[in-house]
Amino acid sequence: MVYVTFLICFLAAVALTPLVRKLAIRIGATDLPNARKVHQTIMPRMGGLAIYLAFLAGMLILWPDSSFTLPLLIGSVIIILTGVLDDLYSLSPKVKIVAHFFAALVIVQSGIQVSFINLPFNGVLHLYWLSVPLTLLWIMGITNAINLIDGLDGLAVGVSSIVLLTMAGLSLIQGNMFVFTVSTLLLGSALGFLPYNFHPAKIFMGDTGSYFLGYVISVLALLGFKNVTLFSLVVPIIILAVPISDTLFAIIRRLVNRKPLTAPDKSHLHHCLLRYGFTQRQTVVLIYGMSAMFALAAILFSTSTLLGSLIIIISVMLIIELVVEGVGLVSANYKPLLNAYKRILGLAKVK
């Protein structure tokens, strides 16, 4: 039944997206080109509403047998309303943060919390009073991380689809049917929207879609993978390595340049790759490839021994750092590893 409903969600998104596009144009939910954005023409946004409605239809058909179903849907309503209003009126960052806080609080109140962290060699670190703040930070952080990578046609929805596919596969293997069901339905909804959003896009999913995808993914990560390996939350962190690292280095970049954390710029991963000469499609496909690589690493990590897990973590961190330095994600001069490599090569040639 899950696979049939997946198809229903896919077809519903395919059918709803043109209708939402017409609605967005009629009510003025459009994205104007500016110096920071890549597109050159006025584009309808709010396409995430089609993803949400298709997903909601699937959830109402199946209604997963879990105490978390209703809280997830209630929190999603807050996220969707915030996204729609933002796509219409461009809400201030403070208003959006408050809305995201309350949406995250709905999840925390339902009992979903990171109460402890698994450590190597069977150790457990209890978080006590830090449990709630860490959970809120995770949900709000991932919600906004997906939004921050939504800068090219098909990028955020495609990366989210890879994440959801990985989550669905891992949760099925682990027997977590709630996470499998929700991630599969959302995957179908996202894939149904993707043909309209891939370059050249006919509609953007807007903050309505990016916040919604990020929100649901953040909750599924807490429900599905926080206690299945030697290190809590490492699996979802690896799966989400692209949006998490892009967000993390955006924060670092703004701190280094002494700019507000909410200040927009054109130095995200996709911007850097475009400056290297890649086309929009090439950049998107390249980032898809990165996401797929990290997804594979997460799958291997979830089945590895302690030594294998450590090797995978170190490898992932090394790859991220090399990408950051190679494309100039922090700054053009930030290249500690590459410079060290050049010095070592220089010494070897001298000898």
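Please read these numbers as outputs of a predicted model, since none were measured by experiment.

Thresholds, definitions, all that
Residues numbered from 1 in each chain as written. Predicted model: local features only at pLDDT ≥ 70, side-chain atom pairs only at ≥ 80, totals over all residues. Heavy atoms only, no water. Helix = DSSP H or I, 4+ residues; strand = E, 2+ residues; numbered from the N terminus. Rg over C-alpha atoms; globule rule 2.2 N^0.38 Å. Buried < 20%, exposed > 50% of the residue type's maximum accessible area, 1.4 Å probe, protein only. Contact = heavy atoms within 4.5 Å. Areas by Shrake-Rupley, 256 points an atom, 1.4 Å probe, with all protein chains shown as cover. Lys, Arg positive; Asp, Glu negative; His and termini not counted. Charge placed at Lys NZ, Arg CZ, Asp CG, Glu CD. Phe/Tyr/Trp six-rings, centres within 6.5 Å; stacked < 30°, edge-to-face > 60°. Salt bridge = Lys/Arg side-chain N within 4 Å of Asp/Glu carboxyl O. Expected span 1.5 Å × (residues − 1). Patch = residues over 30% accessible without salt bridge, like charges linked within 9 Å, V, L, I, M, F, W, Y side chains within 5 Å. Core = buried A, V, L, I, M, F, W, Y, C linked by side-chain atoms within 4.5 Å. Axes fitted to C-alpha atoms, helices over the stretch in contact; angles between N-to-C directions. Parallel < 35°, antiparallel > 145°, perpendicular 65-115°, else oblique. Left-handed = near helix turned anticlockwise from the far one by under 90°. Nonpolar A, V, L, I, M, F, W, Y, C, P; charged D, E, K, R; others polar.

(A) Looking closely at the overall build of the protein chain. What the protein chain contains, in helices and strands, is 14 helices and four strands. Taking 2.2 N^0.38 as the reference for a compact globule, 351 residues should give roughly 20 Å; the C-alpha atoms of the protein chain span a radius of gyration of 20 Å, in line with that estimate. With the C-alpha coordinates of the protein chain rotated into their principal frame, the extents come out at 70 × 50 × 35 Å. Looking at the 351 residues of the protein chain, the share that counts as buried comes to 50%. Contacts in the protein chain between residues at least 24 apart in sequence constitute 72% of all its contacts with a sequence separation of at least 6. Here the protein chain displays about 16200 Å² of accessible surface, and carbon together with sulfur accounts for 71% of that area. For the protein chain, the distance from the average position of its 22 positive side-chain charges to the average position of its 11 negative side-chain charges is 8 Å.

(B) Geometry of the packing of aromatic side chains. Going through the model one piece at a time under the given rule, you end up with five aromatic pairs. Geometrically, the ring pair formed by Tyr 3 and Phe 180 is edge-to-face, given 6.0 Å between the ring centres and 70° between the ring planes. With a gap of 177 residues between them, Tyr 3 in helix α1 (residues 2-27) and Phe 180 in helix α7 (residues 177-197) connect regions that are remote in the sequence. Overall, the relative accessible area of 6% leaves Phe 180 in the buried class. Cluster of aromatic residues (ring-pair linked, three or more members): Tyr 52, Phe 55 and Phe 212.

(C) Structural context of unusual backbone geometry. With an omega dihedral of -5°, the bond running from His 199 to Pro 200 counts as a cis peptide bond. Checked against the element boundaries, Pro 200 lands in the loop between α7 and α8 (206-225). With a phi close to 55°, Ser 90 is a non-glycine residue in the positive phi region.

(D) How the structure looks around the pattern of salt bridges. Applying the stated criterion across every chain, the model contains three salt bridges. Among the salt bridges present, the one from Arg 45 reaches Asp 87, with a minimum N-O distance of 3.9 Å. Taken together, the residues span a long stretch of sequence, with Arg 45 in the loop between β2 (43-44) and α2 (48-62) and Asp 87 in helix α3 (residues 69-89) at a distance of 42 residues. Of the two residues, Arg 45 and Asp 87, neither departs from the other in class, the shared state being buried. For Lys 96, the salt bridge is made with Asp 207, and the minimal N-O distance between the two is 4.0 Å. Placement of the pair is Lys 96 in helix α4 (residues 93-109) and Asp 207 in helix α8, with a sequence separation of 111 residues. Beyond isolated ion pairs, a larger network of salt bridges with shared partners links Asp 86, Lys 96 and Asp 207.

(E) Structural view of helix α13 (residues 306-327). With 22 residues, α13 extends 32 Å between its outermost C-alpha atoms, agreeing within 8% with the 32 Å of an ideal straight helix rising 1.5 Å per residue. Listed in full, the buried residues belonging to α13 are Ser 309, Ile 312, Val 316, Ile 320, Glu 321, Val 324, Glu 325 and Val 327. The first or second residue beyond α13 is Gly 328, which carries a positive phi of 75°.

(F) Quick look at a nonpolar patch on the surface. On the surface, a cluster of nonpolar side chains totalling about 360 Å² of accessible area is made up of Met 1, Val 4, Ile 8 and Ile 61. Of note, Ile 8 is situated in helix α1.

(G) Examining the environment of Thr 5 more closely. By the element assignment, Thr 5 lies in helix α1. Note on Thr 5: relative accessible area 0%, which makes it buried. With 161 residues separating them in the primary sequence, Thr 5 and Thr 166 have C-alpha atoms 18 Å apart. Leaving out residues up to four positions away in the same chain, Thr 5 has contacts with Gly 58, Ile 61, Leu 62 and Leu 185.

(H) Inspection of α4 at higher detail. For α4, built from 17 residues, the straight-helix expectation of 24 Å at 1.5 Å per residue is met to within 8% by its first-to-last C-alpha distance of 24 Å. Lys 96, Ala 99, His 100, Ala 103, Ala 104, Ile 107 and Val 108 are the residues of α4 that are buried.

(I) Broad picture of the nonpolar core. Phe 212, Tyr 215 and Ile 238 are the most contacted members of the largest nonpolar core, which has 90 residues in total. When sequence neighbours within four positions are dropped, the list of residues in contact with Ile 238 reads Phe 294, Ala 297, Ala 298, Phe 301, Ile 312 and Val 316.

(J) Local environment of the side chain of Thr 135. Along the chain, Thr 135 turns up in helix α5 (residues 131-148). Those residues within four positions of Thr 135 in sequence are excluded, and the remaining contacts are Val 108, Ile 112, Gln 113, Val 114 and Leu 222.

(K) Spotlight on the packing of α1 against α7. Viewed as axis vectors pointing N to C, α1 and α7 meet at an angle of 30°, and their least axial separation amounts to 7 Å. What the angle tells us is that α1 and α7 run roughly parallel. Note that α1 runs across α7; the crossing there is right-handed. Across the interface between the two elements, Val 2, Tyr 3, Thr 5, Phe 6, Cys 9, Phe 10, Ala 13, Val 14, Thr 17 and Pro 18 of α1 pack against Phe 180, Thr 181, Thr 184, Leu 185, Leu 187, Gly 188, Ser 189, Leu 191, Gly 192, Phe 193 and Tyr 196 of α7. Grouping the amino acids of the contact of α1 with α7 by side-chain chemistry returns 14 nonpolar, seven polar and no charged.

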